[in-house]
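Notes for the structure review
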Amino acid sequence: MDKKGTKTAVQNRKAFHDYFVEERYEAGIELAGTEVKSIRGGRANLKDAFCVAKDGEIYAYQMHISPYEQGNIFNRDPDRPKRLLMHKREIRKLHDLQKQDGYALIPLSLYFKDSRVKVELGLCKGKKTYDKRDAVAARDAKREMERAMRDKNRGY
């Protein structure tokens, strides 16, 4: 019996801090059974992960999936490159876009879609230091405005 719907397992919050996400893509991922169980338990890390498209294939590097506790001999190397599954024309398109200056393919999240693990890839452009400072300042200002509105509505 397949479970319907999507459930996010892991997100890469650091990617949104370090990059502007221009486009998003969905890709399947080639995993072993113990890796899927580990992801279900939320034991994966996308913090420093990146993808490379070459020779008609896309691989995700530095995507850490912790070994499954009950996996014994079936566990794989947690940091091995994982192959992503996409249509050939999409891979070719991403390969061409990735070659442009300043663009990178970054995994944004791992999620379950109808009991299959999927990866959300982002075609990202790197932020400069001042862009990051501006984003933090805007977020803080928004938080302050919300706090002020909440206090005003309470009658303080």
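Above: the structure in question.
Remember, predicted model here, so these are calculated numbers, not experimental data.

Scoring rules and cut-offs
- Residues numbered from 1 in each chain as written.
- Predicted model: local features only at pLDDT ≥ 70, side-chain atom pairs only at ≥ 80, totals over all residues.
- Heavy atoms only, no water.
- Salt bridge = Lys/Arg side-chain N within 4 Å of Asp/Glu carboxyl O.
- Helix = DSSP H or I, 4+ residues; strand = E, 2+ residues; numbered from the N terminus.
- Buried < 20%, exposed > 50% of the residue type's maximum accessible area, 1.4 Å probe, protein only.
- Core = buried A, V, L, I, M, F, W, Y, C linked by side-chain atoms within 4.5 Å.
- Contact = heavy atoms within 4.5 Å.
- Pairing = 2+ DSSP bridges.

1. Some remarks on the pattern of salt bridges
For side chains of opposite charge, pairing can occur when their charged atoms come near one another. A full pass over the atoms with the stated rule returns 11 salt bridges. D48 serves as the salt-bridge partner of K14, at 4.0 Å between the closest nitrogen and oxygen. Of this pair, K14 sits in helix α1 (residues 13–18) while D48 sits in the loop between β3 (44–45) and β4 (50–54); the two residues are 34 residues apart in sequence, bridging distant segments of the chain. Under the relative-accessibility criterion, K14 is labelled partly exposed at 37%. Measuring nitrogen to oxygen at the nearest pair gives 2.7 Å for the salt bridge that ties E35 to R80. In this pair, E35 sits in helix α2 (residues 33–40) while R80 sits in the loop between β6 (64–65) and β7 (82–85), placing the two residues 45 residues apart along the sequence. This pair shows no difference in class: E35 is buried, exactly as R80 is.

2. A look at the nonpolar core
Counting 26 residues, the largest nonpolar core has I58, L84, M86, L110 and L121 as its most contacted members. Mapped by element, the contributors of at least two residues to this core are β2 (19–29), β4, β5 (57–61), α3 (88–99), β8 (103–113) and β9 (116–126). Take this core: its biggest share by element is 4 residues, from β9. Excluding its chain neighbours within four sequence positions, the residues that come into contact with L84 are A27, G28, I29, C51, I58, A60, V119 and L121.

3. Comments concerning the pairing of β8
Taking burial as the measure, the 11 residues of β8 include 8 buried ones, the bulk of the element. Here strand β1 (residues 6–11) pairs with β8 via 5 bridges, running antiparallel. Note on β8: the bridge partner recorded for T8 is Y111. In this sheet, β9 lies alongside β8 in antiparallel orientation, the contact comprising 10 bridges.

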